[in-house]
Amino acid sequence: KKKIIIDCDPGIDDVLAISFAINSGYYDILGITTVSGNVEASLAYNNVLKVLDFEKVRIPVYMGAEVPLERELVTAKETHGMDGLGESDLPFTYRDPEAKDAVDFILDSIKEDKEIKIFALGPLTNIAKALKKDREAFEGVEVISMGGAFRSHGNCSPVAEFNYWVDPHAADYVLKNLPTKLKIMPLDATRKFVLTPNTISYVTHLDRERAEFIRSITNFYMDFHFEYENLIGSVINDPLTFLADMNPSLFTMEEYFCEVQLDGYAMGQLIVDEYDFYKKEANAVLYVDIDEKLAMKEFLAGLFKGYREE
Ligand code: BDR
Ligand code: CA
């Protein structure tokens, strides 16, 4: 099994991603770190406990950054609900966070083992802080980040995607300082990955309890998409980072030099030097397109045992 760390801000799609990573059987999740984004880090922490309780697994959870590097925190409660999980009010048993903080946990882990991959499903604040503290520790370490919009439009402004908009300084810092190329899952690919109410109804016969869990957290998200985008279904961004790692052939990848706009109207925009104006070496691998039907099949197969046998 591949050793990984999940850095996240749950968030409905973060929870679906964590569930998928656990059930895929592909990963040894060493720890989960939380960051403020969709909701404050402390609420995100509770939401991680909720999904771990549902999955009946015990994974250490570490608290991370409560605010972005320089900007004031802006959350996404209109998209994810006041609790960050579609106001689903899921039960959970509280336990205190691990004593170490997210940055030290990440650094200590990757210093020991370079094979550990980091999946960053929220703003890149924790990763940037860890990188600032000890860049050398990241030598050879792969980081996969959900964020940015390239040829597609933004979801926070005409040009900016949420994770990079919340902490543009962190995203830009990571892009420019990570010793390896940052792997980026932008909205270009994720927008095509839509979970519909029909799909949830369909998988109910495979595992009623799991389907209900998904329904309870996505109802709010579905309403949001219907209201703002006239879409029946919800775009689930974060799980695609895992699918890309497990099955890269589902995606089209392109490598470019990228940076993030730090202020002004275009704040948070991922700027991709597709035509090599800057003559700079590529610092990112972007998943620019996806075979969304096959990806959905793989996603459901990972989550619902028995799906493949049908
Ligand atoms: C990203 O922002 C959050 O709302 C989601 O969890 C995802 O990580 C999409 O822009
Ligand atoms: Ca997220």
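An unreviewed UniProt entry annotates the protein chain as Purine nucleosidase of Granulicatella balaenopterae.

**Student:** I would appreciate a short explanation of the environment of A102 in the present structure.
**Tutor:** In this fold, A102 is placed in helix α4 (residues 102-112). Given 27 C-beta atoms within 10 Å, A102 falls into the buried group. Along the primary structure A102 and Y228 are separated by 126 residues, whereas in three dimensions their C-alpha atoms are 34 Å apart. Among residues more than four places away in sequence, those in contact with A102 are T33, T34, Y62, M63, G64 and N126.

**Student:** Help me out: how do you make sense of the packing of helix α1 (residues 12-23) against helix α11 (residues 239-246) in this one?
**Tutor:** Following both chains from N to C, one finds α1 and α11 inclined at 35 degrees, their axes separated by 7 Å at the closest point. Contacts between α1 and α11 involve D13, L16, A17, F20 and A21 from the former and P239, T241 and F242 from the latter. In terms of residue class, the contact of α1 with α11 is made up of six nonpolar, one polar and one charged.

**Student:** Looking at this structure, how should I read the site of ligand 1?
**Tutor:** Taken together, 15 residues lie near ligand 1, and G11, D13, M146, F162 and N237 sit nearest. In terms of residue class, the shell around ligand 1 is made up of four nonpolar, seven polar and four charged.

**Student:** I would appreciate a short explanation of the UniProt feature "domain: Inosine/uridine-preferring nucleoside hydrolase" (unreviewed entry) in the protein chain in the present structure.
**Tutor:** UniProt records the feature "domain: Inosine/uridine-preferring nucleoside hydrolase" (unreviewed entry) at residues 4-293, using the numbering of this structure. For residues 4-293, the helix share is 38%, the strand share is 17%, and the end-to-end C-alpha distance is 26 Å.

**Student:** Please clarify how the pairing of strand β4 (residues 117-120) should be interpreted in this entry.
**Tutor:** In regular strands, side chains alternate between the two faces of the sheet. Judged by which residues are buried, β4 turns out to be covered on both faces: K117 and F119 on one side and I118 and A120 on the other are all buried. When strand β1 (residues 2-8) meets β4, the two strands line up parallel, connected through four bridges. Across the sheet, I5 pairs through a bridge with I118, a residue of β4. Of the strand pairs in this sheet, β4 and strand β5 (residues 143-146) are connected by three bridges, and their pairing is parallel. Residue pairing for β5: I118 is matched across the bridge by V143. With respect to chirality, the unit in which β4 leads through helix α5 (residues 125-133) into the neighbouring parallel β5 is right-handed.

**Student:** Which parts of the structure should I look at to understand the confidence of the model for the protein chain?
**Tutor:** Low-pLDDT stretches of the model should not have their predicted coordinates read in fine detail. Averaged over all residues, the pLDDT of the protein chain is 96; the fraction at 70 or higher stands at 99%. The complex model carries a pTM of 0.97, and its ipTM stands at 0.98.

**Student:** Where do I start with the sheet that holds β1 in this structure?
**Tutor:** What holds strands together in a sheet is hydrogen bonding between their backbones, with the strands either parallel or antiparallel. Taken together, eight strands build an open sheet; the order of strands is β3-β2-β1-β4-β5-β6-β12-β9 and the sheet is mixed. Two strands close off the open sheet at either side, each with one partner strand: β3 (61-62) and β9 (251-256). Across six bridges, the pairing between β9 and strand β12 (residues 284-290) is antiparallel. Looking across to β12, one finds that M253 is bridged to Y287. This element, α1, spans β1 and β2 (27-34) of the sheet and lies at about 170 degrees to β1.

**Student:** Where do I start with the packing of α11 against helix α12 (residues 292-303) in this structure?
**Tutor:** When two helices pack together, their arrangement is given by the angle between the helix axes and by the axis-to-axis distance. Between α11 and α12, the shortest axis-to-axis distance is 11 Å and the interhelical angle comes to 95 degrees. Relative to α12, the element α11 is oriented roughly perpendicular. Judged by residue contacts, P239, L240 and L243 of α11 engage A295, E298 and F299 from α12. Broken down by class, the residue content of the contact of α11 with α12 amounts to five nonpolar, no polar and one charged.

**Student:** I tried to follow α5 on my own but got confused; where do I start?
**Tutor:** Owing to its 3.6 residues per turn, the α-helix brings residues three or four apart onto one side. Most of α5 sits out of view: seven of its nine residues are buried. Within α5, the full set of buried residues consists of T125, N126, I127, A128, K129, A130 and L131. The secondary structure elements touched by the buried residues of α5 are β1, β2, α4, β4, β5 and α7 (168-177).

**Student:** I tried to follow the nonpolar core on my own but got confused; where do I start?
**Tutor:** Within soluble globular proteins, side chains that are nonpolar tend to cluster in buried spots. Counting residues in hydrophobic clusters, the biggest one holds 98 residues, and the most contacted among them are I6, I127, V174 and L286. Non-local contacts of L286, meaning those with residues more than four positions away in its chain, are made with F150, I184, P186, M253, E254, Y256 and V272.

Reading the values: the criteria
- Residues numbered from 1 in each chain as written.
- Chains lettered and ligands numbered in written order.
- Predicted model: local features only at pLDDT ≥ 70, side-chain atom pairs only at ≥ 80, totals over all residues.
- Helix = DSSP H or I, 4+ residues; strand = E, 2+ residues; numbered from the N terminus.
- Buried ≥ 20, exposed ≤ 12 C-beta atoms within 10 Å, placed from the backbone.
- Contact = placed C-beta atoms within 7 Å.
- Axes fitted to C-alpha atoms, helices over the stretch in contact; angles between N-to-C directions.
- Nonpolar A, V, L, I, M, F, W, Y, C, P; charged D, E, K, R; others polar.
- Near = placed C-beta within 6 Å.
- UniProt positions renumbered as here; feature names shortened; annotations may be inferred.
- Pairing = 2+ DSSP bridges.
- Right-handed = clockwise from strand over helix to strand, strands pointing away.
- pLDDT = per-residue confidence, 0-100.
- Parallel < 35°, antiparallel > 145°, perpendicular 65-115°, else oblique.
- Core = buried A, V, L, I, M, F, W, Y, C linked by C-beta atoms within 7 Å.

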